[in-house]
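Coordinates in review
Here's the letter readout for the chains.
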Amino acid sequence: MFNYPFMQNAYVVGTLIAIVSGFIGVFVVARSMSFLAHVLSEIGFAGASFALFMGWSPLLGMLGFTLVSSASIGQLDMGDERRSESTVSAVSSVAIGLGIAFLALSQKNASSATSILFGSIFSISHANIVQVIILTLAVLLVGVVLYRPLRHVAFDHATAVDSLPYVKMVDVVFLVLMATTVAVSAQVVGSLLIFILMTLPASAAMRWGRRVSHMIGLAIIFALVGVWGALALSYWTNVPVSFFIAMIESMIYFASTAAR
Amino acid sequence: MRILTGKDVGIQFADNKRWLYRHVDFHLDSSQILALVGDNGVGKTTLIRAIMGQRALTEGELVRDHAQDLRIGYVPQYHDDIGAFPLHIADFVGLSYDRGLLPWLRRSEKEHLEHVLNEANLTEIANERIDRASGGEKQRAFLAQAMIQDPDVLILDEATANLDNVAKFALMDVVKHYRDHHDLSVIMVSHDLDIVERYSDNYLLLSPDGAEFGPIADLDTSKLEEGGRDHV
Ligand SMILES: Nc1ncnc2c1ncn2[C@@H]1O[C@H](COP(=O)(O)OP(=O)(O)OP(=O)(O)O)[C@@H](O)[C@H]1O
Ligand SMILES: [Mg+2]
C-alpha cells in the first residue's frame, strides 16, 4: 500500500498530526480544556465552510477562525472553563450555525461538507500537505521551547500564576498552539471528531504516565498507533479513517481507565 | 536586616467601598517568621496578594527594603486543581523549574531537586503519586515546590489548616529547617495558636478596627477567640 503516493502522503501527514495532537493534548487535558478544544473545532468548521464559500483552502479558513477566536478567548480571560461554560456553548451554537449557512451558500456538494466534518486525509492536496508540515513543525518548535512554562501552567495553575511573571502570555501562546493543533488535526479526523486525537490519547496517557514527559511520550504513541492502524485498516476496508481512529483511541482509553 | 516594611497600609474594595483595615504597620526582618492572624474574612489573604504585587494598596506603602527583585515563594490557601493526575511527587515538585528553554532538567537542577526533596522529608516518597499522598505529604510537596526557586520570602496561607497534630508540626519543622538553613523569611497565615506561638517571632493581628504588630509573646489570644483555638 505504500506504493501509492496518496498513502505515503497520508502517513506523513497523519504521523505529524498524531505527534502534535498527542503533545498538545496532554496540556489541554491537564488544564481541563477539552471542551474548549471541541468548541474551537466547531469554530474551525465555520471557518472551513466560510473558506469553501470564498473559494479558499478550508485549512486556512479553519486556522484563521480558530486563531482569532482563541486570541479573543485569551483577551476575555475565559481560559478558565468553569466560569465560561455557558458563554462557550453560545459561541459553539453560533459557530455551527454559521458553518451550516456557509456550506449551504457555497453550494458545494455534500462530499466537501463530509470532508470538513469527518476529515479527508486520502484526498489531501499537495499545498495542504506543505501547510500541515509547516504548521505542525511550528507548533512543536514553540511547544518545546516553552515546555517548562507550559508544563507548570497546565499542571499546577495555582502556583504558576505566582511563579511566572508572564503567565498571561503563556496562556495566550498556549491557546494559539491549541487552535493551530485543532485546525491541522481536523485535516485527518474532521472537525466533529477532534476529541479522538487531542483528548483520548492524552487522557489515556495521563492514567499511565508518572511524569509529564512520560505522559507526553505515551500520548504520542497512542495517537500514532491509532492513526497508523486506522490508515491501514481504512485502506483495506474502504471504511473512513476517522471511524477506525475513533475505535482504536476509545479502546485504548477504556482499557486505560482500568489503570487506576 | 529588614526585608519588607508595611507603612500605614489600608485596603478598601472599589465595588462596595468597605475598608478591610487601615493604618496597618509592620515589618519583616531576615530569618524571621511573621504570623499573620485574624478572624475569617478579615483580609489576610488579601494582604498577601498585595505583598506579592497582585493587587494595589488603597493607601500606605509596602517597601521592599531588601532588594527590588524580592523573590517570593507562595503556598496558596486553596490548591485544589492538583491531584487529578498520577504524577510522582518529585515530578510535581519539579514543575517549579519553569524558566529556561531546556525541556529536561539540567544535572545541577536534578541535584537541587533531590536536595529540596530531602529537606522536606520527601525523598522516600519521591516516586509515590501526588494524587494518593496524604494531606500532610501534599502540603510538604507544595512547600518544597515553593522552595525550588530559592525564595527570599516564603508565604504560607493556612498551610496547616487541614493537618492533624503530628503532620502540622512535621510541616512546620520543615519550614523552620528551611528558615535556619537558607536566607529565608517567612510570613504565615494561621488560625492555629499552637503553631503561631511555637514558631513565629512576630505577629500581625488584623481586625477591622485596627491592626496590632509586635513580638509573639505579646499576642493577646483572647482577641482571637472566634477563629482561634476552637478552629483546630
Ligand atoms: N475582589 C474583591 N472584591 C470585594 N471583596 C472582596 C474581594 N476579594 C475578597 N473580598 C472580601 O474581602 C474579605 C477578606 O478576604 P480574605 O480572603 O482576604 O480573608 P482572609 O482573612 O484570608 O479569610 P480566611 O481566614 O477565611 O482565609 C472577605 O470578606 C472577602 O469577601
Ligand atoms: Mg485566606
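All values reported here derive from a predicted model rather than from experimental measurement.

Examining the overall build of chain B
Broken down by element type, chain B carries six helices and nine strands. For a compact globule of 232 residues, the expected C-alpha radius of gyration is about 17 Å, and chain B comes in at 18 Å, within 12% of that figure. C-alpha atoms of chain B, sized along the principal axes, occupy 50 × 40 × 35 Å.

Here's the deal with the site of ligand 1
Residue and element names in this part refer to chain B. Neighbouring ligand 1 are the residues Phe13, Asp15, Leu20, Gly38, Asn40, Gly41, Val42, Gly43, Lys44, Thr45, Thr46 and Gln77. Sorting elements by how many residues they give to the shell around ligand 1 places helix H1 (residues 44–51) first, with three residues. Residue composition of the shell around ligand 1, by class: three nonpolar, seven polar and two charged.

Things to note about the interface of chain A and chain B
Every contact between the two is made by 23 residues of chain A and, on the other side, 22 residues of chain B. Those elements that place two or more of their residues in the side of chain A that touches chain B are helix H6 (126–145), helix H7 (147–155), helix H8 (157–163) and helix H11 (200–208) of chain A.

Remarks on the pairing of strand E9 (residues 212–215) of chain B
All names here are of chain B. Pairing of strand E8 (residues 202–205) with E9, which is carried by four bridges, proceeds in the antiparallel orientation. Within the sheet, the bridge partner assigned to leucine 205 lies in E9 and is glutamate 212. Hairpin connection, E8 to E9: the antiparallel pair is bridged by six residues, and glycine 210 has positive phi, about 130°.

Focus: helix H1 (residues 5–30) of chain A
The first and last C-alpha atoms of H1(A) sit 37 Å apart over 26 residues, in line with the 38 Å expected at 1.5 Å per residue. The largest bend in H1(A) is about 25°, located at A:Ile24.

Quick word on the sheet that holds strand E7 (residues 185–189) of chain B
All names here are of chain B. Here six strands make up an open sheet; going across it, the order is E5-E6-E7-E3-E8-E9 and the pairing mixed. Every other strand in the sheet has two partners, leaving strand E5 (72–75) and E9 as the edge strands with one partner each. The mean inter-strand angle of the sheet, taken between neighbouring strand axes irrespective of direction, is 15°. Of the strand pairs in this sheet, strand E3 (residues 33–37) and E7 are connected by four bridges, and their pairing is parallel. What sits directly across from isoleucine 33, in E7, is valine 186. Sheet strands in contact with H1 are E3, strand E6 (153–157) and E7, and its direction is about 155° off that of E6.

A short note on the pairing of strand E2 (residues 19–29) of chain B
Residue and element names in this part refer to chain B. Note that strand E1 (residues 2–12) and E2 share seven bridges and pair antiparallel. From the neighbouring strand, threonine 5 faces E2, where its bridge partner is histidine 27. Hairpin connection between E1 and E2: a loop of six residues separates the two successive antiparallel strands, and lysine 17 in this loop has a positive phi of roughly 60°.

What about the domain arrangement of chain B?
Residues and elements named next belong to chain B. Parsing chain B into structural domains produces domain 1 (1–71 + 153–232) and domain 2 (79–150). For domain 1 and domain 2, the distance between their C-alpha centres works out to 25 Å. Listed by partner, the interface residues are 12 residues for domain 1 and 12 residues for domain 2. Element by element, the count of residues in the side of domain 1 that touches domain 2 is highest for helix H5 (residues 165–181), at seven residues. Taken together, the residues of the side of domain 1 that touches domain 2 break down into nine nonpolar, two polar and one charged.

Here is what the cut-offs are and how they apply
Residues numbered from 1 in each chain as written. Chains lettered and ligands numbered in written order. Predicted model: local features only at pLDDT ≥ 70, side-chain atom pairs only at ≥ 80, totals over all residues. Helix = DSSP H or I, 4+ residues; strand = E, 2+ residues; numbered from the N terminus. Rg over C-alpha atoms; globule rule 2.2 N^0.38 Å. Near = placed C-beta within 6 Å. Nonpolar A, V, L, I, M, F, W, Y, C, P; charged D, E, K, R; others polar. Contact = placed C-beta atoms within 7 Å. Pairing = 2+ DSSP bridges. Expected span 1.5 Å × (residues − 1). Bend = angle between axes of the 7 residues up to and from the residue. Axes fitted to C-alpha atoms, helices over the stretch in contact; angles between N-to-C directions. Domains from an automatic or database assignment.

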